[in-house]
Amino acid sequence: MHCRVCKSHNIEEIYDFGIQPFSLTYLDSPDQDFSSHPLMLSLCRSCGFVFIPNPVDPEQLYSGSYVETAGCPVPYLPELIATVDRLSPKKCSDAFVIEIGCNDGTAMAMFRDYGFTNILGVEPSQNCSAVARSHGLNILNSFFDSTAVADITNNHSAADIVLCRHVIEHIVELDDFMQAIVSVMHDDSLLVLEFPNFDWIATAGSYMSIMEQHVNYFGQCSFKRLLSRFGFTPVAEKHYRYAMVYYIKKDQSAKTGISAENELDLFFTSLTYFKTLTSEYISQFKSLLADTPGPIAAFGAGGRGMSMINNSNISSGISWLIDDDKAKCGKYVPFNKLPILPSSSLTTDPPQACIVLPMLEKSIEYQIMHRFADYVRAGGTFIEVFPGEGPYPDGLFSTINTVEQIPQLEI
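What counts as what
- Residues numbered from 1 in each chain as written.
- Predicted model: local features only at pLDDT ≥ 70, side-chain atom pairs only at ≥ 80, totals over all residues.
- Heavy atoms only, no water.
- Helix = DSSP H or I, 4+ residues; strand = E, 2+ residues; numbered from the N terminus.
- Rg over C-alpha atoms; globule rule 2.2 N^0.38 Å.
- Buried < 20%, exposed > 50% of the residue type's maximum accessible area, 1.4 Å probe, protein only.
- Contact = heavy atoms within 4.5 Å.
- Lys, Arg positive; Asp, Glu negative; His and termini not counted.
- Charge placed at Lys NZ, Arg CZ, Asp CG, Glu CD.
- Core = buried A, V, L, I, M, F, W, Y, C linked by side-chain atoms within 4.5 Å.
- Axes fitted to C-alpha atoms, helices over the stretch in contact; angles between N-to-C directions.
- Parallel < 35°, antiparallel > 145°, perpendicular 65-115°, else oblique.
- Left-handed = near helix turned anticlockwise from the far one by under 90°.
- Nonpolar A, V, L, I, M, F, W, Y, C, P; charged D, E, K, R; others polar.
- Pairing = 2+ DSSP bridges.
- Polar contact = N/O pair within 3.5 Å; in protein donor to acceptor, adjacent residues only side chain to side chain.
- Disulfide = S-S within 2.5 Å.
- Phe/Tyr/Trp six-rings, centres within 6.5 Å; stacked < 30°, edge-to-face > 60°.

Visitor: I'd love a proper account of the overall build of the protein chain, names of residues and values included.
Guide: Regarding its fold elements, the protein chain presents 13 helices and 17 strands. Computed over the C-alpha atoms, the radius of gyration of the protein chain is 21 Å, within 12% of the 22 Å expected from 2.2 N^0.38 for a compact globule of 411 residues. Summarising its shape, the C-alpha atoms of the protein chain cover approximately 60 × 50 × 45 Å along the three principal directions. Here the protein chain, with 411 residues, has 55% of them falling under the buried criterion. A separation threshold of at least 6 residues defines the contact pool for the protein chain, and within that pool the share at least 24 residues apart is 69%. Each charge sign in the protein chain was given a centre, from 27 positive and 47 negative side chains, and these centres are 3 Å apart.

Dropping the structure here:
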């Protein structure tokens, strides 16, 4: 086994979550069969890259009916689009934009509404491609590989802007993927890479961010090492709670790339926190379920929420799940066969307590609690996961029994 970033064989296991179902699997009945896999994290001691050493075949995960996940855009997407416009080599109306892994086209549509009119999305999922096309978007239904690159270069000019948001963490063959990106860019192109912020994940002990789809976990050290190998350098960057966004240009002088020893030492220290906190937080989760009067529901049947339940090996304590997505409602999740009910059930059939599972941004969680404030007024209890910014010496959970306790939304 070798590191996908620096090719070192200096690899060690850092955490084993055991056999887990796929995080975005939804069953039509509780008796339906489902796939599972061993979920383990390994670390490269040479560059600090963290990864899943035994990834699931991408064809099994993405080629068929992959769940559309982009429909609720992150709050900072308008800021990202404005930054792309500022750094673009051409004005937005003239720039040719490629979005790799465009999902249902939500971000593409926002770029189009801003003024970027020449956009091509590349998406391997058939159903996500169909949804994006229904919005009038130009979609190539394909993995972003050498075949897709040939199609693009034969039918289009080189891209002025390449968007790659929450895709690189899914890629097993990193070298091929990065080389394909290089092949569709010209010397002045702008590359935007967004991915989960593993520096924050490690420090906070966010074990629910570990899932089978995400085979790569980049901190700043390992990511910049990858960029330098392919002649890229960041020209701007922004770090959010769950994500890092890098704005990148070609720069052949960047092909050096060894992280400073003190930077790696700090990262290895954060991994010690991750291992300790993961075990502690799983124990806290099980104690919470045991000590809280039921019935208990959990709001949010997305990737992070399902990974929290799966990675904690929760087989009892939660009675049902709640979700806004009508496509998920009426289905069941694997492992513990919990049913998924519509969000209206929070008021029509209220549980004693409702855990708001981790989502893409804290603001989304707070919007849910404010939207269903009447549930709390009627005597229900929300339980927030990861209150504040972390780390969490006072515990992983915060109980909300009054409307006044619901965190305020940032304007």
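Visitor: Outline the nonpolar core, listing residues and values.
Guide: Counting residues in each nonpolar core, the largest one holds 53 residues, and the members touching the most others are Val-50, Phe-198, Leu-271, Phe-285, Met-308, Leu-321 and Ile-355. Within the residue set of this core, elements represented by two or more residues are strand S1 (11-21), strand S2 (36-44), helix H7 (198-204), helix H9 (261-291), strand S12 (296-299), helix H10 (303-311), strand S15 (353-356) and strand S16 (381-385). In terms of residue count, H9 provides more of this core than any other element does, 11 residues in total. Apart from the residues within four sequence positions on either side, Val-50 is in contact with Ile-14, Leu-41, Ser-42, Leu-43, Phe-198, Val-215, Asn-216, Tyr-217, Phe-267 and Leu-271. One finds Phe-49, Ala-159, Val-182 and Leu-227 within the second-largest nonpolar core, a separate group that totals 43 residues.

Visitor: Lay out the packing of helix H2 (residues 77-87) against helix H3 (residues 106-114) with the relevant residues and their values.
Guide: Running from N to C, H2 and H3 cross one another at 55°; their axes reach a closest spacing of 11 Å. Between H2 and H3, the interaxial angle falls into the category oblique. As for how H2 packs across H3, the hand of that crossing is right-handed. Facing H2, whose interface residues are Leu-77, Pro-78, Leu-80, Ile-81, Ala-82, Val-84 and Asp-85, H3 presents Ala-107, Met-110, Phe-111 and Tyr-114. Class assignment for the residues of the contact of H2 with H3 results in 10 nonpolar, no polar and 1 charged.

Visitor: Explain the sheet that holds S16 to me, using residue names and the numbers behind them.
Guide: Across a sheet, strands are paired by hydrogen bonds formed along the backbone, either parallel or antiparallel in direction. The strand order across the open sheet built from 6 strands is S14-S13-S12-S15-S16-S17, with neighbouring strands paired in mixed fashion. Edge positions in the sheet fall to strand S14 (340-342) and strand S17 (397-400), since each has one partner strand and no second. Pairwise comparison of adjacent strand axes, ignoring direction, gives a mean angle of 30° for this sheet. Pairing geometry for S12 and S15, over 4 bridges, is parallel.

Visitor: Would you mind going over the sheet that holds strand S6 (residues 138-140) in detail, with residue names and values included?
Guide: An order of S6-S5-S4-S7-S8-S11-S10 is seen for the 7 strands of this open sheet, with the pairing classed as mixed. Both edges of this open sheet fall to S6 and strand S10 (232-239), since each of them pairs with a single strand only. Looking at each pair of strands side by side, their axes are set apart by 20° on average, direction ignored. Direction of pairing for strand S7 (residues 159-165) relative to strand S8 (residues 185-196): parallel, over a ladder of 6 bridges. Bridge pairing links Arg-165 to Glu-194 in S8. Its contacts with the sheet place H3 against strand S4 (96-100), strand S5 (118-122), S6 and S7, and it is angled at close to 175° to S5.

Visitor: Outline the environment of Cys-92, supporting the account with residue identities and numerical values.
Guide: In this structure, Cys-92 sits in the loop between H2 and S4. Overall, Cys-92 belongs to the buried group, its relative accessible area being 17%. In this structure the C-alpha to C-alpha distance between Cys-92 and Gly-115, which are 23 residues apart in sequence, comes to 5.9 Å. With near-sequence residues (within four places) excluded, Cys-92 lies in contact with Asp-85, Gly-115, Phe-116 and Thr-117.

Visitor: Give me the side chain of Glu-212: which residues, what numbers.
Guide: Tracing the sequence through the fold places Glu-212 in the loop between H7 and strand S9 (216-217). Looking at Glu-212, its side chain comes within polar contact range of the main-chain nitrogen of Ser-23, at 3.0 Å.

Visitor: Account for the state of the cysteines, naming residues and giving values.
Guide: Tallied over the entire structure, the rule returns 0 disulfides. You can see Cys-329 has no disulfide; the closest cysteine sulfur is in Cys-354, sitting 13 Å from it.

Visitor: Give me unusual backbone geometry: which residues, what numbers.
Guide: The amide bond that connects Gly-294 to the next residue, Pro-295, takes the cis arrangement and shows omega of 5°. By the element assignment, Pro-295 lies in the loop between H9 and S12. A positive phi is found at Asn-103, a non-glycine position, where the angle reads about 55°. Mapping Asn-103 onto the fold places it in the loop between S4 and H3.

Visitor: Outline the packing of aromatic side chains, supporting the account with residue identities and numerical values.
Guide: Tallied over the full model, the rule gives 23 aromatic pairs. With centroids separated by 5.9 Å and ring planes inclined at 5°, the aromatic side chains of Phe-195 and Tyr-246 adopt a geometry described as stacked. With Phe-195 in strand S8 and Tyr-246 in strand S11 (residues 243-250), this pair connects stretches of sequence that are 51 residues apart. For the pair Phe-195 and Tyr-246, a shared accessibility class is recorded, and that class is buried.

None of the figures reported here should be taken as evidence of function without further support.
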